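Residue strings, one per chain:
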Amino acid sequence: MNPIKRIKGTQDILPEDSPKWTALEETIRKTMALFNYKEIRTPVFELTDLFARGIGELTDIVSKEMYTFQDRSKKSITLKPEMTAPVMRAYIENNLQAKSQITKLFYISPLFRQENPQAGRLRQFHQFGAEFIGAGSPEADAETISLALAIFKSIGLKGLELNINTVGDAESRVPYKKILQDFFNDEIKTPSDEVKRRIENNPLRVLDSKDPQLEEIIERAPKLIDHLNETSAQHYQTVKNILKAQDISFIEDTTLVRGLDYYTHTVYEITSSWLGAQNAICGGGRYDLLGQEISGKPIPAVGFAAGIERVLMALASQDGQIAEPRQLDAFIIALGDDAVNAAQSWLMKLRNAGFTSDTDFLKRSMKAQFREANRQQAKFVLILGENELAQNLFAIKNMESGEQQDVSFDQAIEFLKTLN
Ligand code: HAM
(Lines give C-alpha, C1' and ligand atoms only; values in the text may rest on other atoms or scores of the structure.)
Protein backbone atom coordinates (compact mmCIF):
# COMPACT_ATOMS: atom_id res chain seq x y z
CA MET A 1 0.00 0.00 0.00
CA ASN A 2 1.32 3.49 -0.83
CA PRO A 3 1.58 5.56 2.30
CA ILE A 4 -0.47 8.76 2.21
CA LYS A 5 1.67 11.86 1.75
CA ARG A 6 1.08 15.53 2.50
CA ILE A 7 -0.28 17.79 -0.25
CA LYS A 8 2.30 19.46 -2.50
CA GLY A 9 3.21 22.93 -1.25
CA THR A 10 2.33 22.20 2.37
CA GLN A 11 4.77 21.65 5.24
CA ASP A 12 4.81 19.81 8.53
CA ILE A 13 6.28 21.93 11.29
CA LEU A 14 8.21 19.31 13.24
CA PRO A 15 9.13 19.41 16.94
CA GLU A 16 12.71 20.44 16.12
CA ASP A 17 11.39 23.53 14.29
CA SER A 18 8.40 24.51 16.40
CA PRO A 19 10.47 26.29 19.11
CA LYS A 20 11.48 28.78 16.39
CA TRP A 21 7.83 29.36 15.50
CA THR A 22 6.88 29.80 19.14
CA ALA A 23 9.75 32.22 19.79
CA LEU A 24 8.86 34.28 16.69
CA GLU A 25 5.19 34.33 17.70
CA GLU A 26 6.12 35.51 21.18
CA THR A 27 8.20 38.36 19.77
CA ILE A 28 5.38 39.34 17.42
CA ARG A 29 2.87 39.42 20.31
CA LYS A 30 5.22 41.44 22.48
CA THR A 31 5.96 44.06 19.82
CA MET A 32 2.29 44.26 18.75
CA ALA A 33 1.41 44.97 22.40
CA LEU A 34 4.08 47.71 22.57
CA PHE A 35 2.40 49.40 19.61
CA ASN A 36 -1.10 48.77 21.09
CA TYR A 37 -2.41 46.34 18.46
CA LYS A 38 -4.95 43.70 19.64
CA GLU A 39 -5.23 40.19 18.26
CA ILE A 40 -8.02 39.12 15.91
CA ARG A 41 -8.70 35.58 14.66
CA THR A 42 -11.05 34.98 11.75
CA PRO A 43 -12.43 31.74 10.20
CA VAL A 44 -10.27 29.74 7.82
CA PHE A 45 -12.92 29.97 5.10
CA GLU A 46 -15.14 32.79 3.89
CA LEU A 47 -17.68 33.39 1.15
CA THR A 48 -15.79 33.62 -2.17
CA ASP A 49 -17.37 37.03 -2.87
CA LEU A 50 -15.40 38.60 -0.04
CA PHE A 51 -12.12 37.98 -1.87
CA ALA A 52 -13.46 38.41 -5.42
CA ARG A 53 -14.82 41.83 -4.53
CA GLY A 54 -12.22 42.80 -1.96
CA ILE A 55 -8.96 41.76 -3.65
CA GLY A 56 -10.28 42.14 -7.22
CA GLU A 57 -11.41 39.63 -9.89
CA LEU A 58 -8.45 40.37 -12.17
CA THR A 59 -5.70 39.89 -9.63
CA ASP A 60 -3.54 36.76 -9.82
CA ILE A 61 -4.73 35.69 -6.37
CA VAL A 62 -8.43 35.70 -7.28
CA SER A 63 -8.18 34.62 -10.92
CA LYS A 64 -5.63 31.82 -10.50
CA GLU A 65 -4.71 30.92 -6.96
CA MET A 66 -7.73 30.52 -4.70
CA TYR A 67 -8.89 27.24 -3.19
CA THR A 68 -12.57 27.64 -4.00
CA PHE A 69 -15.25 24.97 -3.68
CA GLN A 70 -18.98 24.57 -3.30
CA ASP A 71 -20.19 23.36 0.04
CA ARG A 72 -23.20 21.05 0.41
CA SER A 73 -25.60 23.96 0.31
CA LYS A 74 -24.05 25.06 -3.00
CA LYS A 75 -22.45 28.18 -1.53
CA SER A 76 -19.11 29.18 -3.03
CA ILE A 77 -16.53 29.02 -0.27
CA THR A 78 -12.83 29.98 -0.36
CA LEU A 79 -9.97 29.11 1.97
CA LYS A 80 -8.60 32.53 2.89
CA PRO A 81 -5.65 33.57 0.69
CA GLU A 82 -4.92 36.68 2.80
CA MET A 83 -6.15 38.36 5.98
CA THR A 84 -6.92 41.95 5.08
CA ALA A 85 -10.36 41.30 3.56
CA PRO A 86 -11.45 38.93 6.40
CA VAL A 87 -10.26 41.44 9.03
CA MET A 88 -12.19 44.25 7.34
CA ARG A 89 -15.25 42.01 7.07
CA ALA A 90 -15.02 41.16 10.77
CA TYR A 91 -14.49 44.81 11.69
CA ILE A 92 -17.64 45.85 9.82
CA GLU A 93 -19.78 42.86 10.82
CA ASN A 94 -18.94 43.19 14.52
CA ASN A 95 -19.35 46.94 14.47
CA LEU A 96 -15.91 47.53 15.96
CA GLN A 97 -16.00 51.18 14.92
CA ALA A 98 -18.74 51.73 17.51
CA LYS A 99 -16.24 50.93 20.28
CA SER A 100 -13.55 53.30 19.13
CA GLN A 101 -12.85 55.39 16.08
CA ILE A 102 -9.43 53.80 15.72
CA THR A 103 -9.01 50.02 15.79
CA LYS A 104 -5.54 48.49 15.68
CA LEU A 105 -5.53 44.75 15.03
CA PHE A 106 -2.95 42.03 14.46
CA TYR A 107 -3.06 38.39 13.43
CA ILE A 108 -0.99 35.26 12.99
CA SER A 109 -2.69 32.88 10.61
CA PRO A 110 -2.37 30.10 8.02
CA LEU A 111 -3.34 31.07 4.46
CA PHE A 112 -3.90 29.21 1.21
CA ARG A 113 -2.89 30.00 -2.36
CA GLN A 114 -2.58 27.48 -5.18
CA GLU A 115 0.73 28.79 -6.51
CA ASN A 116 3.54 26.77 -8.06
CA PRO A 117 5.49 25.61 -5.03
CA GLN A 118 9.17 26.53 -4.77
CA ALA A 119 11.54 27.62 -2.02
CA GLY A 120 9.64 30.25 -0.03
CA ARG A 121 6.44 29.81 -2.02
CA LEU A 122 3.91 27.45 -0.48
CA ARG A 123 0.27 26.54 -0.91
CA GLN A 124 -0.38 26.69 2.80
CA PHE A 125 1.78 29.37 4.37
CA HIS A 126 1.55 31.62 7.41
CA GLN A 127 1.50 35.34 7.87
CA PHE A 128 1.62 37.72 10.73
CA GLY A 129 0.28 41.15 10.06
CA ALA A 130 -1.29 44.30 11.39
CA GLU A 131 -4.23 46.41 10.24
CA PHE A 132 -4.72 49.99 11.43
CA ILE A 133 -8.37 50.84 10.73
CA GLY A 134 -10.15 54.18 11.12
CA ALA A 135 -7.44 56.75 10.35
CA GLY A 136 -6.63 58.12 6.92
CA SER A 137 -3.56 60.00 8.09
CA PRO A 138 -0.07 59.43 6.67
CA GLU A 139 1.11 59.02 10.28
CA ALA A 140 -0.86 55.76 10.41
CA ASP A 141 0.91 54.52 7.24
CA ALA A 142 4.28 55.30 8.79
CA GLU A 143 3.36 53.59 12.06
CA THR A 144 2.64 50.29 10.30
CA ILE A 145 6.01 50.48 8.53
CA SER A 146 7.88 51.13 11.75
CA LEU A 147 5.94 48.35 13.46
CA ALA A 148 6.95 45.79 10.81
CA LEU A 149 10.58 46.92 11.05
CA ALA A 150 10.50 46.83 14.87
CA ILE A 151 9.44 43.18 14.78
CA PHE A 152 12.19 42.30 12.29
CA LYS A 153 14.71 44.16 14.41
CA SER A 154 13.73 42.41 17.61
CA ILE A 155 14.35 39.00 16.01
CA GLY A 156 17.68 40.16 14.62
CA LEU A 157 16.81 40.02 10.91
CA LYS A 158 19.47 41.76 8.81
CA GLY A 159 19.90 42.70 5.16
CA LEU A 160 16.43 44.21 4.81
CA GLU A 161 15.40 46.73 2.19
CA LEU A 162 12.26 48.84 2.43
CA ASN A 163 10.73 49.83 -0.92
CA ILE A 164 7.91 52.33 -1.00
CA ASN A 165 5.66 53.91 -3.60
CA THR A 166 2.26 55.53 -3.88
CA VAL A 167 -0.61 54.35 -6.04
CA GLY A 168 -2.54 57.56 -5.34
CA ASP A 169 -6.17 57.96 -4.37
CA ALA A 170 -9.19 56.96 -6.46
CA GLU A 171 -9.39 60.45 -7.99
CA SER A 172 -5.76 60.35 -9.21
CA ARG A 173 -6.31 56.98 -10.73
CA VAL A 174 -9.19 57.83 -13.08
CA PRO A 175 -7.16 59.93 -15.56
CA TYR A 176 -4.07 57.74 -15.03
CA LYS A 177 -5.97 54.58 -15.98
CA LYS A 178 -6.96 56.18 -19.26
CA ILE A 179 -3.35 57.23 -19.97
CA LEU A 180 -2.17 53.71 -19.19
CA GLN A 181 -4.88 52.13 -21.33
CA ASP A 182 -3.93 54.26 -24.33
CA PHE A 183 -0.25 53.45 -23.82
CA PHE A 184 -0.80 49.67 -23.62
CA ASN A 185 -3.22 49.68 -26.56
CA ASP A 186 -0.55 51.41 -28.66
CA GLU A 187 2.39 49.34 -27.46
CA ILE A 188 1.11 45.79 -27.04
CA LYS A 189 0.43 44.59 -30.54
CA THR A 190 -0.87 41.09 -29.88
CA PRO A 191 -2.17 40.94 -26.33
CA SER A 192 -3.33 37.63 -24.86
CA ASP A 193 -6.98 37.42 -23.82
CA GLU A 194 -5.98 37.94 -20.23
CA VAL A 195 -3.89 41.02 -20.97
CA LYS A 196 -6.69 42.37 -23.15
CA ARG A 197 -9.13 41.95 -20.26
CA ARG A 198 -6.73 43.66 -17.87
CA ILE A 199 -6.12 46.62 -20.22
CA GLU A 200 -9.83 47.10 -20.59
CA ASN A 201 -10.95 46.68 -16.98
CA ASN A 202 -7.95 47.48 -14.82
CA PRO A 203 -4.76 48.50 -16.67
CA LEU A 204 -2.88 48.78 -13.37
CA ARG A 205 -2.97 44.98 -13.22
CA VAL A 206 -0.94 44.81 -16.44
CA LEU A 207 1.88 46.41 -14.48
CA ASP A 208 2.31 43.30 -12.34
CA SER A 209 2.09 40.85 -15.25
CA LYS A 210 5.01 38.42 -15.20
CA ASP A 211 4.98 37.90 -18.97
CA PRO A 212 8.63 38.42 -20.09
CA GLN A 213 7.46 39.80 -23.45
CA LEU A 214 5.78 42.68 -21.66
CA GLU A 215 8.69 43.47 -19.37
CA GLU A 216 10.26 46.13 -21.54
CA ILE A 217 6.91 47.81 -22.30
CA ILE A 218 5.93 47.81 -18.62
CA GLU A 219 9.22 49.49 -17.79
CA ARG A 220 8.45 52.33 -20.20
CA ALA A 221 4.82 52.68 -19.08
CA PRO A 222 3.68 56.05 -17.68
CA LYS A 223 4.13 56.23 -13.93
CA LEU A 224 1.33 57.13 -11.54
CA ILE A 225 3.79 59.16 -9.50
CA ASP A 226 3.80 61.67 -12.39
CA HIS A 227 0.00 61.93 -12.36
CA LEU A 228 -0.82 62.33 -8.68
CA ASN A 229 -3.33 64.91 -7.49
CA GLU A 230 -2.37 67.36 -4.75
CA THR A 231 -3.84 65.29 -1.88
CA SER A 232 -2.02 62.13 -2.94
CA ALA A 233 1.30 63.88 -3.48
CA GLN A 234 1.02 65.56 -0.07
CA HIS A 235 0.10 62.30 1.66
CA TYR A 236 3.09 60.50 0.16
CA GLN A 237 5.47 63.34 1.02
CA THR A 238 4.37 63.29 4.68
CA VAL A 239 4.92 59.54 4.93
CA LYS A 240 8.45 59.98 3.58
CA ASN A 241 9.11 62.88 5.97
CA ILE A 242 8.06 60.79 8.97
CA LEU A 243 10.24 57.87 7.88
CA LYS A 244 13.22 60.19 7.47
CA ALA A 245 12.60 61.74 10.88
CA GLN A 246 12.63 58.24 12.36
CA ASP A 247 15.87 57.35 10.57
CA ILE A 248 14.16 54.63 8.57
CA SER A 249 15.92 54.25 5.26
CA PHE A 250 13.87 53.41 2.19
CA ILE A 251 14.06 53.18 -1.57
CA GLU A 252 11.41 54.77 -3.74
CA ASP A 253 10.35 52.24 -6.36
CA THR A 254 7.91 53.76 -8.83
CA THR A 255 7.17 50.33 -10.35
CA LEU A 256 5.88 48.90 -7.07
CA VAL A 257 2.10 48.50 -7.44
CA ARG A 258 1.42 45.30 -5.41
CA GLY A 259 -0.86 42.58 -6.73
CA LEU A 260 -4.09 43.45 -4.92
CA ASP A 261 -6.72 45.94 -6.12
CA TYR A 262 -7.61 47.47 -2.77
CA TYR A 263 -4.55 49.69 -2.38
CA THR A 264 -4.62 53.49 -2.38
CA HIS A 265 -1.82 55.94 -1.51
CA THR A 266 1.19 54.33 0.18
CA VAL A 267 2.33 50.82 -0.79
CA TYR A 268 5.46 49.12 0.50
CA GLU A 269 7.43 45.93 0.45
CA ILE A 270 10.33 44.71 2.58
CA THR A 271 12.80 42.32 0.97
CA SER A 272 15.61 40.28 2.44
CA SER A 273 18.99 39.87 0.78
CA TRP A 274 19.24 36.44 2.44
CA LEU A 275 16.50 34.94 0.27
CA GLY A 276 16.47 33.82 -3.36
CA ALA A 277 13.80 34.57 -5.95
CA GLN A 278 11.01 34.85 -3.39
CA ASN A 279 12.69 37.62 -1.44
CA ALA A 280 9.64 39.63 -0.29
CA ILE A 281 9.14 39.00 3.38
CA CYS A 282 6.56 41.68 3.95
CA GLY A 283 4.06 43.67 1.91
CA GLY A 284 1.52 46.27 2.78
CA GLY A 285 -0.06 49.62 2.20
CA ARG A 286 -3.13 51.79 2.58
CA TYR A 287 -6.43 50.35 1.38
CA ASP A 288 -9.14 52.96 1.78
CA LEU A 289 -11.30 51.30 -0.90
CA LEU A 290 -11.69 47.87 0.69
CA GLY A 291 -14.32 48.86 3.28
CA GLN A 292 -16.37 50.35 0.47
CA GLU A 293 -16.22 47.11 -1.54
CA ILE A 294 -17.46 45.12 1.44
CA SER A 295 -20.00 47.45 3.03
CA GLY A 296 -20.61 50.36 0.67
CA LYS A 297 -19.02 52.76 3.15
CA PRO A 298 -15.46 54.06 2.76
CA ILE A 299 -13.26 53.14 5.74
CA PRO A 300 -9.67 54.39 5.86
CA ALA A 301 -7.18 51.66 6.73
CA VAL A 302 -3.54 50.65 6.33
CA GLY A 303 -1.53 47.55 7.21
CA PHE A 304 0.99 44.90 6.27
CA ALA A 305 1.53 41.17 6.31
CA ALA A 306 4.77 39.19 6.52
CA GLY A 307 5.40 35.60 5.50
CA ILE A 308 6.52 33.59 8.53
CA GLU A 309 8.21 30.81 6.51
CA ARG A 310 10.25 33.41 4.61
CA VAL A 311 11.19 35.24 7.81
CA LEU A 312 12.43 31.98 9.34
CA MET A 313 14.28 31.04 6.14
CA ALA A 314 16.04 34.42 6.05
CA LEU A 315 16.96 34.06 9.70
CA ALA A 316 18.31 30.55 9.16
CA SER A 317 20.45 31.62 6.19
CA GLN A 318 21.97 34.55 8.08
CA ASP A 319 22.53 32.12 10.95
CA GLY A 320 20.38 34.01 13.42
CA GLN A 321 19.38 31.92 16.41
CA ILE A 322 15.83 32.68 17.31
CA ALA A 323 15.34 29.82 19.76
CA GLU A 324 17.32 27.03 21.33
CA PRO A 325 15.59 23.64 21.40
CA ARG A 326 13.98 23.18 24.79
CA GLN A 327 15.92 21.16 27.36
CA LEU A 328 14.39 18.82 29.89
CA ASP A 329 15.13 19.70 33.55
CA ALA A 330 14.76 16.24 35.00
CA PHE A 331 14.52 12.68 33.76
CA ILE A 332 13.63 9.90 36.20
CA ILE A 333 15.31 6.57 35.55
CA ALA A 334 13.17 3.98 37.33
CA LEU A 335 14.24 0.36 37.65
CA GLY A 336 11.78 -2.31 38.81
CA ASP A 337 7.97 -2.24 39.09
CA ASP A 338 7.80 -0.48 42.47
CA ALA A 339 10.21 2.22 41.32
CA VAL A 340 8.23 2.70 38.11
CA ASN A 341 5.08 3.27 40.20
CA ALA A 342 6.85 5.70 42.50
CA ALA A 343 8.31 7.51 39.48
CA GLN A 344 4.79 8.28 38.25
CA SER A 345 3.93 10.22 41.43
CA TRP A 346 7.35 11.88 41.50
CA LEU A 347 6.88 13.09 37.94
CA MET A 348 3.77 14.97 39.03
CA LYS A 349 5.57 16.45 42.05
CA LEU A 350 8.43 17.66 39.85
CA ARG A 351 6.09 19.12 37.25
CA ASN A 352 4.00 20.84 39.94
CA ALA A 353 7.23 22.38 41.24
CA GLY A 354 7.87 23.79 37.74
CA PHE A 355 10.51 21.34 36.45
CA THR A 356 9.98 20.07 32.89
CA SER A 357 10.28 16.37 33.53
CA ASP A 358 9.83 12.98 31.98
CA THR A 359 10.57 9.32 32.54
CA ASP A 360 10.92 6.11 30.57
CA PHE A 361 7.64 4.43 29.66
CA LEU A 362 9.18 1.26 28.26
CA LYS A 363 10.85 -0.28 31.32
CA ARG A 364 14.16 -0.32 29.50
CA SER A 365 17.59 -1.07 30.95
CA MET A 366 19.50 1.55 32.95
CA LYS A 367 21.84 2.07 29.99
CA ALA A 368 18.99 2.60 27.52
CA GLN A 369 17.28 5.02 29.92
CA PHE A 370 20.50 7.03 30.30
CA ARG A 371 20.74 7.18 26.53
CA GLU A 372 17.18 8.54 26.39
CA ALA A 373 17.95 11.14 29.08
CA ASN A 374 20.95 12.27 27.02
CA ARG A 375 18.91 12.44 23.86
CA GLN A 376 16.41 14.68 25.67
CA GLN A 377 19.33 16.81 26.92
CA ALA A 378 18.10 16.38 30.50
CA LYS A 379 19.98 18.55 33.00
CA PHE A 380 19.46 16.09 35.87
CA VAL A 381 18.79 12.40 36.07
CA LEU A 382 17.01 11.06 39.15
CA ILE A 383 17.86 7.39 39.54
CA LEU A 384 15.33 5.30 41.42
CA GLY A 385 16.18 1.61 41.84
CA GLU A 386 15.08 -0.93 44.48
CA ASN A 387 17.83 0.23 46.85
CA GLU A 388 17.06 3.93 46.53
CA LEU A 389 13.36 3.23 47.00
CA ALA A 390 14.03 1.24 50.16
CA GLN A 391 15.99 4.20 51.57
CA ASN A 392 13.53 6.90 50.37
CA LEU A 393 16.13 8.67 48.25
CA PHE A 394 17.23 9.38 44.70
CA ALA A 395 20.69 9.18 43.27
CA ILE A 396 20.72 12.52 41.43
CA LYS A 397 23.22 12.97 38.63
CA ASN A 398 24.07 16.40 37.24
CA MET A 399 24.45 15.56 33.55
CA GLU A 400 26.61 18.58 32.85
CA SER A 401 29.21 18.13 35.59
CA GLY A 402 28.82 14.36 35.87
CA GLU A 403 28.56 14.66 39.68
CA GLN A 404 26.22 12.29 41.43
CA GLN A 405 24.91 12.27 44.99
CA ASP A 406 22.18 10.71 47.09
CA VAL A 407 19.37 13.07 48.10
CA SER A 408 16.49 12.07 50.36
CA PHE A 409 12.95 12.29 49.01
CA ASP A 410 12.02 15.22 51.30
CA GLN A 411 14.94 17.25 50.08
CA ALA A 412 14.87 16.35 46.39
CA ILE A 413 12.81 19.30 45.14
CA GLU A 414 14.73 21.86 47.20
CA PHE A 415 18.00 20.34 46.05
CA LEU A 416 17.02 20.60 42.38
CA LYS A 417 15.92 24.20 42.90
CA THR A 418 19.36 25.15 44.19
CA LEU A 419 20.99 23.58 41.13
CA ASN A 420 18.61 24.78 38.41
P1 HAM B 1 1.01 39.76 0.00
O2 HAM B 1 2.12 40.57 -0.60
O3 HAM B 1 0.16 38.95 -0.91
O4 HAM B 1 0.12 40.79 0.82
O5 HAM B 1 1.62 38.80 1.10
C6 HAM B 1 2.44 39.30 2.15
C7 HAM B 1 3.60 38.36 2.40
O8 HAM B 1 3.14 37.02 2.59
C9 HAM B 1 4.59 38.24 1.25
O10 HAM B 1 5.52 39.30 1.26
C11 HAM B 1 5.26 36.91 1.55
O12 HAM B 1 6.26 37.08 2.55
C13 HAM B 1 4.12 36.10 2.15
N14 HAM B 1 3.55 35.19 1.13
C15 HAM B 1 2.63 35.49 0.18
N16 HAM B 1 2.35 34.41 -0.58
C17 HAM B 1 3.11 33.40 -0.11
C18 HAM B 1 3.28 32.01 -0.47
N19 HAM B 1 2.59 31.44 -1.45
N20 HAM B 1 4.18 31.27 0.26
C21 HAM B 1 4.89 31.82 1.28
N22 HAM B 1 4.75 33.11 1.66
C23 HAM B 1 3.89 33.90 0.98
C24 HAM B 1 -1.01 40.46 1.50
O25 HAM B 1 -1.34 39.33 1.76
C26 HAM B 1 -1.76 41.67 2.03
N27 HAM B 1 -2.95 41.18 2.73
C28 HAM B 1 -0.86 42.49 2.94
C29 HAM B 1 -1.59 43.65 3.56
C30 HAM B 1 -2.05 43.74 4.83
N31 HAM B 1 -1.88 44.79 2.96
C32 HAM B 1 -2.52 45.56 3.80
N33 HAM B 1 -2.65 44.93 4.94
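Reading the values: the criteria
- Residues numbered from 1 in each chain as written.
- Predicted model: local features only at pLDDT ≥ 70, side-chain atom pairs only at ≥ 80, totals over all residues.
- Heavy atoms only, no water.
- Helix = DSSP H or I, 4+ residues; strand = E, 2+ residues; numbered from the N terminus.
- Rg over C-alpha atoms; globule rule 2.2 N^0.38 Å.
- Buried < 20%, exposed > 50% of the residue type's maximum accessible area, 1.4 Å probe, protein only.
- Contact = heavy atoms within 4.5 Å.
- Near = heavy atom within 4 Å.
- Polar contact = N/O pair within 3.5 Å; in protein donor to acceptor, adjacent residues only side chain to side chain.
- Areas by Shrake-Rupley, 256 points an atom, 1.4 Å probe, with all protein chains shown as cover.
- Patch = residues over 30% accessible without salt bridge, like charges linked within 9 Å, V, L, I, M, F, W, Y side chains within 5 Å.
- Salt bridge = Lys/Arg side-chain N within 4 Å of Asp/Glu carboxyl O.
- Core = buried A, V, L, I, M, F, W, Y, C linked by side-chain atoms within 4.5 Å.
- Domains from an automatic or database assignment.
- Pairing = 2+ DSSP bridges.
- Axes fitted to C-alpha atoms, helices over the stretch in contact; angles between N-to-C directions.
- Phe/Tyr/Trp six-rings, centres within 6.5 Å; stacked < 30°, edge-to-face > 60°.
- Lys NZ or Arg CZ within 6 Å of the ring centre and 35° of its normal.
- Parallel < 35°, antiparallel > 145°, perpendicular 65-115°, else oblique.
- Left-handed = near helix turned anticlockwise from the far one by under 90°.

Side note on the overall build of the protein
If you tally the helices and strands in the protein, you get 15 helices and 16 strands. For a compact globule of 420 residues, the expected C-alpha radius of gyration is about 22 Å, and the protein comes in at 28 Å, more than 25% above that figure. When the 420 residues of the protein are sorted by exposure, 51% land in the buried category. Sequence separation of at least 24 residues holds for 70% of the intrachain contacts in the protein that already meet a minimum separation of 6.

Some remarks on the site of the ligand
Around the ligand, 26 residues are found, and the nearest of them are Glu82, Thr84, Glu115, Leu122 and Tyr263. At 2.8 Å, a side-chain N or O of Thr84 approaches a nitrogen atom of the ligand. One of the backbone N or O atoms of Gly303 is found 3.4 Å from a nitrogen atom in the ligand. For the ligand, whose accessible area on its own is 660 Å², the fraction buried by protein is 95%.

Things to note about a nonpolar patch on the surface
On the surface, a cluster of nonpolar side chains totalling about 270 Å² of accessible area is made up of Val44, Phe45 and Phe69. For Phe69, the position within the fold is in strand S3 (residues 68–70). On the basis of relative accessible area, Phe69 is assigned to the partly exposed category, the value being 36%.

Some details on the nonpolar core
Most often, soluble globular proteins keep nonpolar side chains buried together rather than apart. Met88, Ile133, Phe184, Ile188, Leu207 and Tyr287 are the most contacted members of the largest nonpolar core, which totals 49 residues. Of all the elements, helix H4 (residues 84–93) adds the most residues to this core, at five residues. Excluding its chain neighbours within four sequence positions, the residues that come into contact with Phe184 are Ile199, Pro203, Val206, Leu207, Ile217 and Ala221. Core analysis: the next-biggest nonpolar cluster, separate from the first, contains 44 residues, Ala130, Tyr268, Ile270 and Ile281 among them.

Considering the domain arrangement of the protein
We note that the domain assignment places domain 1 (18–169 + 229–317) and domain 2 (330–419) within the protein. Between domain 1 and domain 2, the C-alpha centre-to-centre distance is 49 Å.

Topic: the sheet that holds strand S4 (residues 76–79)
Reading across the sheet, the three strands line up as S2-S4-S3 and stay open at both edges, with antiparallel pairing between neighbours. Each end of this open sheet is capped by a strand with a single partner; those strands are strand S2 (45–47) and S3. Shown here is a sheet whose adjacent strand axes are inclined to one another by a mean of 35°, direction ignored. Across three bridges, S2 lies against S4 in antiparallel orientation. Residue pairing across strands places Glu46 opposite Thr78, the latter belonging to S4. Along the sheet face, helix H2 (residues 48–55) touches S2, S3 and S4 and points at about 75° away from the line of S2.

Describing the packing of aromatic side chains
Considering all chains together, one arrives at nine aromatic pairs under this definition. Geometrically, the ring pair formed by Trp346 and Phe394 is edge-to-face, given 5.0 Å between the ring centres and 80° between the ring planes. Of this pair, Trp346 sits in helix H12 (residues 337–352) while Phe394 is found in strand S15 (residues 393–398), placing the two residues 48 residues apart along the sequence. We classify Phe394 as buried; its relative accessible area is 0%. Ring plane angle 55° and centroid distance 5.0 Å describe the contact between Phe394 and Phe409, whose orientation is recorded as tilted. One end of the pair, Phe394, is in strand S15; the other, Phe409, is in helix H15 (residues 409–419), and 15 residues separate them in sequence. Per residue, the accessibility class of Phe394 equals that of Phe409, and both read buried. Lying over the aromatic face of Trp346, Lys349 brings its terminal NZ or CZ to 4.3 Å of the ring centre.

What about the packing of helix H1 (residues 18–34) against helix H5 (residues 138–154)?
Packing of H1 against H5 brings their axes to within 10 Å, and their N-to-C directions diverge by 140°. Viewed along their axes, H1 and H5 adopt a mutual orientation that is oblique. As H1 packs across H5, the resulting crossing turns out to be right-handed. Side by side, H1 and H5 meet where Thr27, Ile28, Thr31 and Met32 of the first sit next to Leu147, Ala150, Ile151 and Ser154 of the second.

Notes on the pattern of salt bridges
Applying the stated rule across the entire model yields 27 salt bridges. Note that Arg220 is salt-bridged to Glu216, the shortest N-O span being 2.7 Å. Of this pair, Arg220 and Glu216 both sit in helix H8 (residues 215–220), four residues apart, which is roughly one turn of that helix. Classification of Arg220 by relative accessible area gives partly exposed; the value is 41%. For Glu216, a relative accessible area of 45% translates into the label partly exposed.

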